[in-house]
Structures are given as structure tokens and as C-alpha cells.
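Commentary on secondary and tertiary structure
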Amino acid sequence: MILDSFKLHSLVLQFTYPDAYIVWDRAGDIARHMQDVWPGLALEDSKPNEQNLRSDVVTVSTGVRMSTITNVAGKGLDQLTIDRMVATVDIWRQQLELSTFNRVSCRAKYVRDFSDKAAAIAEVLSWNLFRIPNDRVFNHHQTESNTSVEGTWKFEDKASFTFLRVGAEEITIEIKAHPDFPETQMKKTAARAYIDFDRGSLGEIDAKSFWLAEWLKGYLHVLHRDLPKVIPSKA
Amino acid sequence: MRKPTGSRTDIPEQLSFSELLVGVSETQASVPPEDGRSIAVTSKIDAPRVHSDGHAASRRRPHGSVLYPHLFAEGSGSSAVALKLLSQAMADADSAAEAYSSGDLLAVSARLGQIAAAASAAHAKTEFNEALGMVVSHIRRAVLKADATSVNLDQLHTLSRTLRMLFETPTIPLDNAGQLIDELDAVGWDGDHSEVETLVAALLSSDANQSEASVSPAPAAEPQS
């Protein structure tokens, strides 16, 4: 399967629900409980409609209408992370007195690193989903530095939605040095192919009977079952 | 932290605003052609997707197979077997109600026997949710005890409704399971009988010799309503 050669880069879990104004009364309690669940979590910013707590690997955002867990640079979906996500949702459910979710969604981005962008593009093109003409097109040539490839599939009905994005990208991170510490100057570029799977459930989802751990299993079940239908494994 | 856009789940890094604007909305305009008639022109423009949350249709409670597809997927394990058996029991309960309405008590008795057998086999596969197993166990006991000549239509409808609820919400929490058992009790599906204990014990010992039901034996200390 194509995902075998990719690693989970980031995972975002999002819940929307009817207005939970009680967040204004319990913001402190919520933050304290979240810190018990996620070590190293500290306040990033707080606004009237949401509070954001952040650590090296996670951002937990609690809001009036929507709350989000963003996992980056972590171990992905290991059991400890799932347990912490479950505990986080339990805190929201209890502290915000949620009886229903309007939407539960998860977006997982898988990446595979390449030596340069051309190699990443070549990988994506090798899936035979798109093609870039060899000759000049729209006055551009495929070897031009900013040329890339990206595709999106959208599926939706009344009960669920799925967005699948694939493509190649080049990320550049540049840290400008402070005059006192010129050695901290850094510029790094990374090229990668990505598969970005965003799927959610819609409707009036009973918060009490909602099982996050099982829902995530279902999410991964659908991803692994159907991704090969869109991106066939290479022979 | 980047704000959410449309119904896509927010990934906060490396995505430009234009990358997030992948939704398509339609705008309509009436353009009067030269002959004076009016024609509708539909054009598609890129725009943030509107949340589906407000749609009346999307407010329906999603089926368990939508939220937890792996539990229902054939060949995926015991949960799929349990849910298939519950589905069969649900159909049998509906058939029993139909048979009762037409006065066919023999058919009612046969259907109740099938429901008891399905519930017995399903119970052994409900280890993924003890609360579900508790209701299934209660149904098994109550239906085993039941006499087709003494059941009524209300009981059969309640049984069918309960089985449907279990099938659609296999992740039912413990307190909701307790409520379902209370509802079954209230119409006469009583799963707490000493003679039923004996029947269940006999059934379990015979089940143990059957491959399907013995893969995952029922817990020794079964939750009681």
C-alpha cells in the first residue's frame, strides 16, 4: 500500500457542537485538566471565543463552537496519543456539557521526503493520476522551479465527507539570526510528496455514546480500505 | 492557529489561504439576452465551503455503520458477527410482530426461538462493548423465558425497537443500556429469573461445543439488569 512508504506528519481532530458559552465560566478548569492530560502544555493565547494551549507536539484549542486537537511532530497515532485524545474529548464533553456534536472530523497528512522537488513531483506523477505535458504549457515548463502538482478529490453525502489531497511540495524554513548570535542563522529546504486525508461525520452525533478511539479506527479502516482505489499500489 | 475553513479539518501549517479555498459554490444570475428573454447563468467560483452543520437533513443521527464502519465490516472480527446477528434478530422481531397481528402464534414462537438463538450467539461477540452485551444478554434471557401465547404486540414492538437501537448504536453507553433494559422490563421482557439462569447455563454449555458461539465465551459474571 502506498502509505507504507509515507509517515504520519500531522493529525488534526476537530469537533463542532452547539454553542457552549459555558466555556467562559470554565476556561481555567479546562486548561488545568488539559495540562494534566498533555505534559508541557502551556497557554499560547486566549481570546473570547477560544483558548489555545500548546506544547512541542500538540495544540489543544477549546472554543465556544469548535474544539481542535492538533498533533504535529509526534509519534502519530500511538496508543498513548489516542488515550490522551480520548481524555481531551472527555474533558470537553464534561466541562462544556456537550450532549451532541454537529461534526467530528480528522485530517491526517502523510508525507514522504525526497532529495528535491523534482523527485517528489516524479513520485506523484508515477501514480498515474495526473500528467504534466513535456513541452511548454501555459508558457511554463515542468522543470521550472515553482511548477508543481496537486490534486483534490471531494466526496460528500449527508452523513459524512471526505477530502483527499495529494501533491508535491517544497518547504523552506529560514531563521534569521540575532546580531548577537550569528551562528543561529539557518535556512533549510525540504521536498516531499504528501497524501492528505480529511474525513468527517456529519449530523447530530450523540456525544455520550460517541467513542473516539473506535471512531478513529473506523477513520483508518476507511482510509486503508479505499485509498488503493484512488492510488493503486505500484506493481 | 489557523482558523477553520469550510468543512475541512484544519491543518495549521504550510497551507496557503488559496489552498484552503477548495470548495465550490454556485452563483446564479439572470442575464437578459438581446431578444428580451431571461436566461439563468450558473457559474462556479472557488469559495470557502459552507458548513453542512446547519442543514436540516444533516442533523439526522448518523447510523453506527457511518461512525464506526470497521465494527460492521464483514470479516473484521467479532463485532461484525454480533451486529449481523442483531440485524437478523431485528428482522425476526419484526416478523414476530407481523405474525402476532395475523394470529399465527406458532410463527411467533418460532421467531422468538430464533431471536433467543441469535442473541445467545451475539452475546458471545459483544466483548467490544459490555453495555451492549448487557442488553443482549437481558434479551436472550427474557426471550428464552417467554411464552408465545402470553406475549403481546407492545412487547414485540419494544423488542424490535430495542434491537434496532442496539444495531444502530453499538457503542451504547452503560446508562443508556440500563434504560433500555428498564424499558424491556416495563413491558414484560423480564430477564431476571432463576429458571432462566438454569436455561442459560445449559445453553452456554451446549454453545461451548459450537464453533461460532464458542470463539469468545460469555463472561462468567454476567452483568445483571
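Structure first, text after, so check above.
In this report, we go over the structure that sits alongside the text. (Residues numbered from 1 in each chain as written. Chains lettered and ligands numbered in written order. Predicted model: local features only at pLDDT ≥ 70, side-chain atom pairs only at ≥ 80, totals over all residues. Heavy atoms only, no water.)

A few points about the overall build of chain A
- A tally of helices and strands in chain A yields 4 helices and 9 strands.
- With the principal axes as the frame, chain A shows a C-alpha extent of 60 × 55 × 35 Å.
- Buried residues in chain A amount to 48% of all 235 residues.
- Taking the intrachain contacts of chain A between residues at least 6 apart in sequence as the baseline, contacts between residues at least 24 apart amount to 69%.
- For chain A, the exposed area adds up to about 11,600 Å²; of that, 51% sits on carbon and sulfur atoms.
- Side-chain charges in chain A split into 29 positive and 32 negative, and the spacing between the mean points of these groups amounts to 4 Å. (Helix = DSSP H or I, 4+ residues; strand = E, 2+ residues; numbered from the N terminus. Buried < 20%, exposed > 50% of the residue type's maximum accessible area, 1.4 Å probe, protein only. Contact = heavy atoms within 4.5 Å. Areas by Shrake-Rupley, 256 points an atom, 1.4 Å probe, with all protein chains shown as cover. Lys, Arg positive; Asp, Glu negative; His and termini not counted. Charge placed at Lys NZ, Arg CZ, Asp CG, Glu CD.)

Focus on the packing of helix α2 (residues 79-95) of chain A against helix α4 (residues 212-230) of chain A
Residue and element names in this part refer to chain A.
- α4 packs onto α2 with a crossing angle of 125 degrees between their chain directions and a minimal axis gap of 9 Å. On the basis of their axis angle, the class for α2 and α4 is oblique. Residues I82, M85, V86 and V89 of α2 form the contact with α4, whose own contacting residues are L212, A213 and L216.
- Considered class by class, the residues forming the contact of α2 with α4 number 7 nonpolar, no polar and no charged. (Axes fitted to C-alpha atoms, helices over the stretch in contact; angles between N-to-C directions. Parallel < 35°, antiparallel > 145°, perpendicular 65-115°, else oblique. Nonpolar A, V, L, I, M, F, W, Y, C, P; charged D, E, K, R; others polar.)

Looking at the packing of aromatic side chains
Residue and element names in this part refer to chain A.
- On inspection of all chains with the given rule, the structure shows 13 aromatic pairs over all chains.
- Judged by centre distance (5.1 Å) and plane angle (55 degrees), the ring pair of F197 and Y219 falls under tilted. Residue F197 is located in strand β9 (residues 186-206), and its partner Y219 is located in helix α4; the two are separated by 22 residues in the primary sequence. In this structure, F197 and Y219 share a single accessibility class: buried. (Phe/Tyr/Trp six-rings, centres within 6.5 Å; stacked < 30°, edge-to-face > 60°.)

A few points about the nonpolar core
- Membership of the largest hydrophobic core comes to 102 residues, with the highest contact counts inside it found for F15(A), F101(A), I195(A), W215(A), I139(B) and L159(B).
- Of the residues forming this core, the biggest block, 10 residues, is contributed by helix α4 (residues 78-101) of chain B. (Core = buried A, V, L, I, M, F, W, Y, C linked by side-chain atoms within 4.5 Å.)

Topic: the sheet that holds strand β6 (residues 100-114) of chain A
Residues and elements named next belong to chain A.
- A sheet is described by the order of its strands in space; here 9 strands give the open sequence β2-β3-β4-β5-β1-β6-β9-β8-β7, paired in antiparallel fashion. Where the open sheet ends on each side, the last strands, each with one partner, are β2 (42-47) and β7 (150-156). Taking each pair of neighbouring strands and ignoring which way they run, the sheet shows an average axis angle of 15 degrees.
- Its contacts with the sheet place helix α3 (residues 117-125) against β6, β8 (160-175) and β9, and it is angled at close to 165 degrees to β8. (Pairing = 2+ DSSP bridges.)

Observations concerning unusual backbone geometry
Residues and elements named next belong to chain A.
- The phi dihedral of N128 falls on the positive side, at around 60 degrees, and the residue is not glycine.
- You can see N128 is positioned in the loop between α3 and β7.
- Among the residues examined, N128 registers a relative accessible area of 69% and is labelled exposed.
- A positive phi angle, close to 70 degrees, is found at N139, a residue other than glycine.
- Summarising the element assignment, N139 is placed in the loop between α3 and β7.
- Since its relative accessible area comes to 62%, N139 is described here as exposed.

Concerning the pairing of β9(A)
Residues and elements named next belong to chain A.
- For β9, the buried fraction is high: 15 of the 21 residues fall into the buried class.
- Inspection of the sheet shows β6 paired to β9 by 14 bridges, in the antiparallel sense. For C106, the partnering residue across the bridge sits in β9 and is R199.
- Note: β8 against β9, 16 bridges, orientation antiparallel. Bridging from a neighbouring strand, E174 pairs with K187 of β9.

Some points on the pattern of salt bridges
Residues and elements named next belong to chain A.
- In this structure the tally under the stated criterion is 21 salt bridges over all chains.
- Of the charged contacts, one joins K7 and D113 as a salt bridge, the two residues approaching to 3.3 Å between their closest N and O atoms. On the criterion of sequence distance, the pair formed by K7 in strand β1 (residues 7-16) and D113 in strand β6 is long-range, its members being 106 residues apart.
- Note on K7: relative accessible area 48%, which makes it partly exposed.
- For D113, a relative accessible area of 45% corresponds to the partly exposed category.
- The salt bridge partner of E174 is K176, with a shortest N-O separation of 3.5 Å.
- In this structure, a network of salt bridges that share partners links the residues R107, E150, R165 and D196. (Salt bridge = Lys/Arg side-chain N within 4 Å of Asp/Glu carboxyl O.)

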